[in-house]
Amino acid sequence: MESLLIKGGVPLRGEVRISGAKNAVLPIMAAALLTEDPCVIHRVPKLSDVRFMGQILARLGAEVHFEGDTVRIHARRIKGAGDYELVRKMRGSICVLGPLLARLKKASVSLPGGCVIGARPINLHLKGLEALGAKVTIKGGYVDVAAKRLIGSAMFLGGRAGPTVLGTANVMMAATLAQGVTVIESAACEPEVVDLAAFLNAMGARITGAGSPTVTIAGVRQLHGAEHEVIPDRIEAATYAIAGAATGGEVTLRGARPDHMRAVLDKLSDAGAKIERNDSDLTIRRAGPLKAVDITTLPYAGFPTDVQAQMMALMALTPGISIITERIFESRFMHVSELARLGADIEIEGPSAIVKGGRLLTGAPVMASDLRASAALVIAGLAARGATQVNRVYHIDRGYENIDGKLRRLGARIKRIEAS
Ligand code: EPU
């Protein structure tokens, strides 16, 4: 199993090119199942989750070819999902449910269980598909959805923690081929949903309102092939911005979308980081000492849950007390005990973590538990004194393209090693 070995204490300096967004490309690849024509997707990040989605589509009968940062998907003929354990291995693969239902009128996937960040139910996905006329059966750990035909309808998709990103994606995709008009209220407003809608519209769908809480989809008889460039990954960009601030350096993000990152940039600025914007480039610099800030994760345009762990690493290094409240996933605090191994002083109180920042962090072996927790450990390791070994790097390779290479270009002393 691979590990990252980091010798901390070097301020990151230089430029990093931001890759395409993982959470945009996964549903966009699934959307290619909606047409018999070929689709071409550009700015596809090289990630294990993306390769896995490619394998799923290939198993469903699509031709999938990766070349550089482009993927060509041709789902001329596809078969039903059968008994694939899609969702167990990668929760993001739940987004094949909507396209399969729309194209084949049936689909079957294993029901996702809980995971380290929380319960991850799919009740809202199913509620939306049922509203379109699908019959949902749960049996033997699988969920089967089937419909003679899908009929547009108005629905409310808000849940306990607000809207659902992949639930909105699933229903939006299914509704493109439904008869009549579908209106999703309390739709997720994330840029990844907007990007998916842009791809679907390029395929001939009629979607309006994506990016707002009310999305309207006028069903069409069929969709055609399309070419699309995926938006830059706002979470990857935020991670490098925070790493720059944490190490006291100066990092320029090339090809980012600052307009997708306002909540994170606002907090970094409140914390005392200097931010300069030049079109799609952003430079983050730490001029002096940082200040502690409080953070609450919320649906977009609020502070993203996918940046909570990285920001906690920064606050652990910042003198003062910071209260970080997680409102999206109830147990997304697995990084707390690992940050403590480096010397961080953090207490969990219900949905909040109280970070008593400014302790000297010193390197230690730590265990990555999920994607963003691993990113937080890398940031803490880059800023800590001495050597940090982050084990179970496969978590980070799910969502960060070539993280060690990109960090080395910024001057970090980081290498990938084979560890038992
Ligand atoms: N929820 C329900 N019922 C549902 C679906 C969700 O109650 O049917 C709840 C969830 O338990 C959670 C909240 O709604 O409390 C939001 O979950 P959401 O459905 O929006 O999450 P997701 O679509 O499964 C995507 C990203 C996650 C990201 C979340 C929130 C992908 C592949 N995944 O997950 O990304 O944290 O949205 O923004 O797009 C990551 O990249 O590290 C990651 C976990």
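Everything here concerns the structure above.
Each chain carries its own residue numbering, running from 1 in the written order of its sequence. Per-residue local features of the predicted model are confined to residues with pLDDT of at least 70, and side-chain atom pairs are confined, for both listing and counting, to 80 or more; whole-chain, interface and lining totals are unaffected and use all residues. Here the side-chain values reflect all heavy atoms present in the structure, with hydrogen atoms and water set aside.

Caption draft 1: Geometry of the environment of valine 336. Counting through the fold element by element, valine 336 comes out in helix 11 (residues 335–341). We call a residue buried when its accessible area falls under 20% of the maximum for its residue type, exposed when it is over 50%, and partly exposed in between, using a 1.4 Å probe and counting protein chains only. Relative accessible area serves as the criterion here: at 7%, valine 336 is assigned to the buried category. C-alpha of valine 336 to C-alpha of alanine 309: the two residues are 27 residues apart in sequence and 8.4 Å apart in space. Once you skip the residues sitting within four places of it in the chain, valine 336 turns out to touch Met312, Ile346 and Ile348. Helix and strand definitions follow DSSP, with helices as H or I runs of at least four residues and strands as E runs of at least two, each counted in order from the N terminus. Residue contacts are counted whenever heavy atoms from the two residues lie within 4.5 Å of one another.

Caption draft 2: Broad picture of the sheet that holds strand 16 (residues 281–286). Strand pairing requires that DSSP identify at least two bridges connecting the strands. Judged by pairing direction, the sheet is mixed, and its 4 strands sit side by side in the order 2-14-16-15 without closing on themselves. The open sheet has two free edges, formed respectively by strand 2 (13–17) and strand 15 (273–278), since each of these has just one partner strand. On average, each strand axis in the sheet is tilted by 15 degrees relative to the strand beside it, whichever way the strands run. Summarising the sheet, strand 15 and strand 16 pair through 6 bridges and their orientation is antiparallel. Within strand 16, the residue paired with alanine 273 across the bridge is arginine 286. Interaxial angle, 0 to 180 degrees, is taken between N-to-C directions of lines fitted to C-alpha atoms, where a helix line uses only the stretch in contact. Packed onto the sheet, helix 8 (residues 234–246) meets strand 2, strand 14 (250–254) and strand 16 and runs at close to 165 degrees relative to strand 14. Most of the contacts of helix 9 (residues 262–270) go to strand 15, to which it runs at about 140 degrees, and overall it touches strand 15 and strand 16.

Caption draft 3: Expanded view of the site of the ligand. Taken together, 22 residues surround the ligand, and among them Asn123, Leu124, Thr164, Asp306 and Ile328 come closest. A distance of 3.0 Å separates an oxygen atom of the ligand from a polar side-chain atom of lysine 22. Arginine 120 is positioned such that a nitrogen or oxygen atom in its side chain is 3.0 Å from an oxygen atom of the ligand. Here, Shrake-Rupley sampling with a 1.4 Å probe gives the accessible areas, and only protein chains in the shown set may cover a residue. Compared with its free state, where it exposes 820 Å², the ligand has 91% of that area covered by protein. At the level of secondary structure, the elements contributing two or more residues to the shell around the ligand comprise helix 1 (22–31), helix 5 (123–131), helix 6 (165–176) and helix 12 (371–383). It is helix 5 that provides the largest number of residues to the shell around the ligand, a total of 3 residues. Tallied by class, the residues present in the shell around the ligand amount to 11 nonpolar, 5 polar and 6 charged. Each domain's extent was defined by an automatic or database domain assignment. The residue makeup of the shell around the ligand includes at least three contributed by each of domain 1 (2–19 + 232–418) and domain 2 (22–229). Here a residue is near a molecule or strand as soon as one of its heavy atoms is found within 4 Å of it. Here a polar contact means two N or O atoms within 3.5 Å. Within protein one must be a hydrogen donor candidate and the other an acceptor candidate, and residues neighboring in sequence count only if both atoms are side-chain atoms. Only Asp, Glu, Lys and Arg are considered charged in this grouping, and only Ala, Val, Leu, Ile, Met, Phe, Trp, Tyr, Cys and Pro are considered nonpolar; every other residue, Gly among them, is considered polar.

Caption draft 4: Spotlight on the packing of helix 6 against helix 7 (residues 191–202). With their axes 10 Å apart at the nearest point, helix 6 and helix 7 run at an angle of 15 degrees to one another. Classed by the angle they form, the pair helix 6 and helix 7 counts as roughly parallel. In this structure, helix 6 crosses over helix 7, and the sense of that crossing is right-handed. Contacts between helix 6 and helix 7 involve Val165, Thr168, Ala169, Met172, Met173 and Thr176 from the first element and Val193, Leu196, Ala197 and Leu200 from the second. In terms of residue class, the contact of helix 6 with helix 7 is made up of 8 nonpolar, 2 polar and no charged. The cut-offs work like this: below 35 degrees is roughly parallel, past 145 is roughly antiparallel, 65 to 115 is roughly perpendicular, and the gaps in between are oblique. Two helices cross in a left-handed way if the nearer one is turned anticlockwise from the farther one by less than a right angle. They cross in a right-handed way if the turn is clockwise.

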